[in-house]
Amino acid sequence: MKIVKYADVSFNTEYATMQLLSKEAMRQGKVHKVIIMIEMGDLREGVVGDHLLEFYEQVFELPNLEIVGLGTNLNCLNGVMPSPDKLVQLSLYKELVETKFNKKIPWVSGGTSVTFPLLQRNLLPKGVNHFRIGETLYFGADLFTGGTVEGMQTDVFKLYTQIIELTQKPKTPEGELAENPSGEVFEIRKEDIGKTSYRAIVDIGLLEIAPDFMIPEEKGVTVIGASSDMLVLDLGNSDRNYQVGDIVTFQMKYMGILGVLNSDYIEKYVVE
């Protein structure tokens, strides 16, 4: 199993999965470390707190596994925000397990990007000592205020697309309208009827990123929509001296970058 081969630690919530990890760790002659995730209200992954002792009793004796931490995830599914009270509760679960089973749990993994502002304001409980920082690290995002952490940059990632068509076209479609392949129905605005604008098609589409996660760097450029492999832009009443083959640059939101970085069709470069 690749998890045991390549990862020192994994996050788990299912006994059946941990049985398989145990067997594979035995086969590879390794001790695989595990952090058990606990449900704290956001309703993504996690063992329900009332069942934690029962669950831990099942898994802590599995051979070649070492339970090194308890953790939680907040905000990623239903938007439940972390609070000092919730994170204190997470630390208390750790103390409860240690007392009940006389086993040391060194890590309490409650520090994510959304909890980083609590750390800055000295509101993060001391028991939380393991951090999983992503969005704040790469975007400088303060997920409490929606602003930027002082001293950090928001433009670490940029997406460069190439214009493959540039034409002045009507702003509204002609003909009977139905759902497109994305399940959307175009809504015609009265103020757009009879008007035209320069439209550019660039070489990226829904296969890589959803338009909602793209932010054009040049003011006045508007994302109209996307199909599987093409994105349509409105350049307004001027072609801004763009030519076919020119580059249009975007910043991206967190979820957009996930798709782009995992696409085999987009080249990635690190520029210092």
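Refer to the preceding data block for the structure.
To start, this report covers the structure provided alongside it. For clarity, every value in this text was computed on a predicted model and none was experimentally measured.

### With respect to the overall build of the chain
On a plain count of helices and strands, the chain comes out with 7 helices and 12 strands. The C-alpha radius of gyration computed for the chain amounts to 25 Å, which surpasses the reference 19 Å derived for 272 residues by more than 25%, pointing to a less compact arrangement than a globule. By principal-axis analysis of the C-alpha atoms, the chain measures approximately 75 × 45 × 45 Å. Pairs at least 24 residues apart make up 65% of the contacts formed inside the chain by residues separated by at least 6 positions. Carbon and sulfur atoms make up 50% of the accessible area of the chain, which amounts to about 16,400 Å² in all. Within the chain, the 38 negative side-chain charges are centred at a point lying 5 Å from the centre of the 26 positive side-chain charges.

### Remarks on the sheet that holds strand β11 (residues 231-234)
A sheet is described by the order of its strands in space; here 6 strands give the open sequence β9-β12-β7-β8-β11-β10, paired in antiparallel fashion. Looking at which strands have only one partner, the edges of the open sheet turn out to be β9 (214-216) and β10 (222-226). Strand-to-strand, the axes of this sheet are offset by a mean angle of 40°, without reference to chain direction. Pairing analysis gives 4 bridges linking strand β8 (residues 196-202) to β11, with the strands arranged antiparallel. In the strand pairing of β11, Val-202 is matched with Leu-231.

### Structural notes on the pairing of β10
Two elements, β10 and β11, share 4 bridges in a ladder whose sense is antiparallel. Following the sheet pairing, Gly-225 is matched in β11 by Val-232. Between β10 and β11, which pair antiparallel and follow one another directly, the connecting turn spans 4 residues.

The rules behind each value
- Residues numbered from 1 in each chain as written.
- Predicted model: local features only at pLDDT ≥ 70, side-chain atom pairs only at ≥ 80, totals over all residues.
- Heavy atoms only, no water.
- Helix = DSSP H or I, 4+ residues; strand = E, 2+ residues; numbered from the N terminus.
- Rg over C-alpha atoms; globule rule 2.2 N^0.38 Å.
- Contact = heavy atoms within 4.5 Å.
- Areas by Shrake-Rupley, 256 points an atom, 1.4 Å probe, with all protein chains shown as cover.
- Lys, Arg positive; Asp, Glu negative; His and termini not counted.
- Charge placed at Lys NZ, Arg CZ, Asp CG, Glu CD.
- Pairing = 2+ DSSP bridges.
- Axes fitted to C-alpha atoms, helices over the stretch in contact; angles between N-to-C directions.

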